[in-house]
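Geometric and topological summary
Single-letter residue listing:
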Amino acid sequence: MSMLTPPGMGGKYRITGDKYPRMRPHRRRGRLAVVVVACGAVLGVAGWGALQLIDVFTGGGGTATAADASCSRKTAGTNRTKAGAVPSAAASPSASAAGVGAGSVPKPAQITVNVFNATTRSGLAKTTADELKKRGFRIGEVGNAAKQYDKKVTGAGLLLGPASSLNTSLPVLATQLTAAERRTDAARAGTAVDLIIGNGFKSLTSRPDAARALTALTAPKPTPSTKKGC
């Protein structure tokens with residue numbers, strides 16, 4: 001009888017041999033691998049969902065930061081380019097927006113104005129000329145309008161001057177009668193400008209309003225840009 005056979009047992013219950021039987025678990029390692037893979041997948045999906053929620057509540061902060069950094073680099077490069085370039089007078093946004101340069105606008109005392117009445121109402125030329133003189137303008141001729149304009153100006157008035165006055169004297173005079181039409185005559189000599197009073201004339205622009213318009217004209221401010229991004 002083998003030493004492995006318990007006492008009292010024999011026959012078909014007898015254990016023969018000199019090795020212990022080995023009890024092996026069935027497929028435990030395979031199940032463990034499946035569990036590990038499943039847990040990894042669940043954690044990955046949960047992490048991705050958390051990142052999406054963070055992005056939603058923060059408004060995509062990471063993307064915006066990257067875009068801002070790129071924009072900053074582009075702006076810095078542009079500024080360096082501008083710093084090394086020679087500034088041009090034609091590139092001034094203030095002068096372009098206003099149509100005149102702040103340095104090219106004369107003062108009222110430097111402008112000679114001829115005042116003519118093209119209406120049937122008498123005395124308008126003199127009273128208007130006197131008011132313009134009080135506001136600092138030089139006064140030239142005062143009287144009735146020439147035949148080509150007499151009773152033919154339907155609006156408040158007509159401002160007429162040489163071609164050189166388009167962006168100099170005429171805009172300054174226009175601050176005193178904002179509703180007036182402006183015209184230039186290329187064949188006209190001299191620097192004086194005409195104010196021809198029309199049928200729609202009631203009075204000159206009030207002094208406060210004219211003063212504000214004149215200040216804005218002589219010291220124009222650049223228009224803020226509405227362009228987004230870089």
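- Named according to an unreviewed UniProt entry, the protein chain is Membrane protein originating from Streptomyces humidus.

**Remarks on the pairing of strand β2 (residues 138-144)**
- Of the pairings in the sheet, the one linking strand β1 (residues 112-117) to β2 comprises five bridges and is parallel in character. Paired with V115 across the bridge in β2 is V142.
- Once you follow β1 into helix α4 (residues 124-134) and on to β2, the crossover reads as right-handed.

**Let's talk about unusual backbone geometry**
- Phi is positive for K151, close to 60 degrees, though the residue is something other than glycine.
- Among the secondary structure elements, K151 is positioned in the loop between β2 and β3 (157-162).

**Structural notes on the pattern of salt bridges**
- Evaluated as defined, the whole model comprises seven salt bridges.
- One salt bridge in this structure joins D130 and K126, with 3.1 Å as the shortest N-O distance. Taken together, the positions of D130 and K126, both in helix α4 and four residues apart, correspond to about one turn of that helix.
- Assessed through its relative accessible area of 34%, D130 is described here as partly exposed.
- On the basis of relative accessibility, which here comes to 54%, the residue K126 falls in the exposed class.
- Among the salt bridges present, the one from D209 reaches R212, with a minimum N-O distance of 2.3 Å. With D209 and R212 both in helix α6 (residues 207-218) and three residues apart, this pair spans about one turn of that helix.
- On the basis of relative accessible area, R212 is assigned to the exposed category, the value being 54%.
- Among the ionic contacts, a cluster of salt bridges with common partners joins E131, R135 and R207.

**Digging into α4**
- L124, A125, T128, A129 and L132 are the residues of α4 that are buried. The arc enclosing the buried residues of α4, seen along the axis, measures out at 120 degrees, which places them on a common side. Exposed and oriented more than 90 degrees from the buried face of α4 are K126, K133 and K134.
- Where α4 is buried, its residues contact β1, β2, α5 (169-174) and β5 (193-197).
- Within two residues after α4, G136 carries a phi angle of roughly 105 degrees, on the positive side.

**Considerations on the sheet that holds strand β4 (residues 181-185)**
- Ordered by their spatial adjacency, five strands build an open sheet running β2-β1-β5-β3-β4, and the pairing between neighbours is mixed. The sheet is open, and its two edges are formed by β2 and β4, each paired on a single side. Looking at each pair of strands side by side, their axes are set apart by 20 degrees on average, direction ignored.
- Two elements, β3 and β5, share four bridges in a ladder whose sense is antiparallel. The partner of L159 across the bridge, within β5, is L195.
- Against the sheet, α4 contacts β1, β2 and β5, and its axis sits at roughly 155 degrees relative to β1.

**A word on the pairing of β4**
- The pairing of β3 with β4 spans five bridges and is classified as parallel. By the bridge assignment, L160 is partnered in β4 with R183.
- In terms of handedness, the path from β3 via α5 over to β4 forms a crossover that is right-handed.

**Remarks on the nonpolar core**
- Membership of the largest hydrophobic core comes to 24 residues, with the highest contact counts inside it found for V113, L132, L173 and L195.
- Broken down by secondary-structure element, the contributors of at least two residues to this core are β1, α4, α5, β5 and α6.
- In this view, L195 contacts V113, N114, V115, F116, L132, L158, L159, L173, L177 and L204; residues no more than four positions away in its chain are not counted.
- Grouped together as the second largest cluster of nonpolar side chains are eight residues, A145, Y149, V153 and L158 included.

The rules behind the values
- Residues numbered from 1 in each chain as written.
- Predicted model: local features only at pLDDT ≥ 70, side-chain atom pairs only at ≥ 80, totals over all residues.
- Heavy atoms only, no water.
- Pairing = 2+ DSSP bridges.
- Helix = DSSP H or I, 4+ residues; strand = E, 2+ residues; numbered from the N terminus.
- Right-handed = clockwise from strand over helix to strand, strands pointing away.
- Salt bridge = Lys/Arg side-chain N within 4 Å of Asp/Glu carboxyl O.
- Buried < 20%, exposed > 50% of the residue type's maximum accessible area, 1.4 Å probe, protein only.
- Arc of directions from axis to C-beta.
- Contact = heavy atoms within 4.5 Å.
- Axes fitted to C-alpha atoms, helices over the stretch in contact; angles between N-to-C directions.
- Core = buried A, V, L, I, M, F, W, Y, C linked by side-chain atoms within 4.5 Å.

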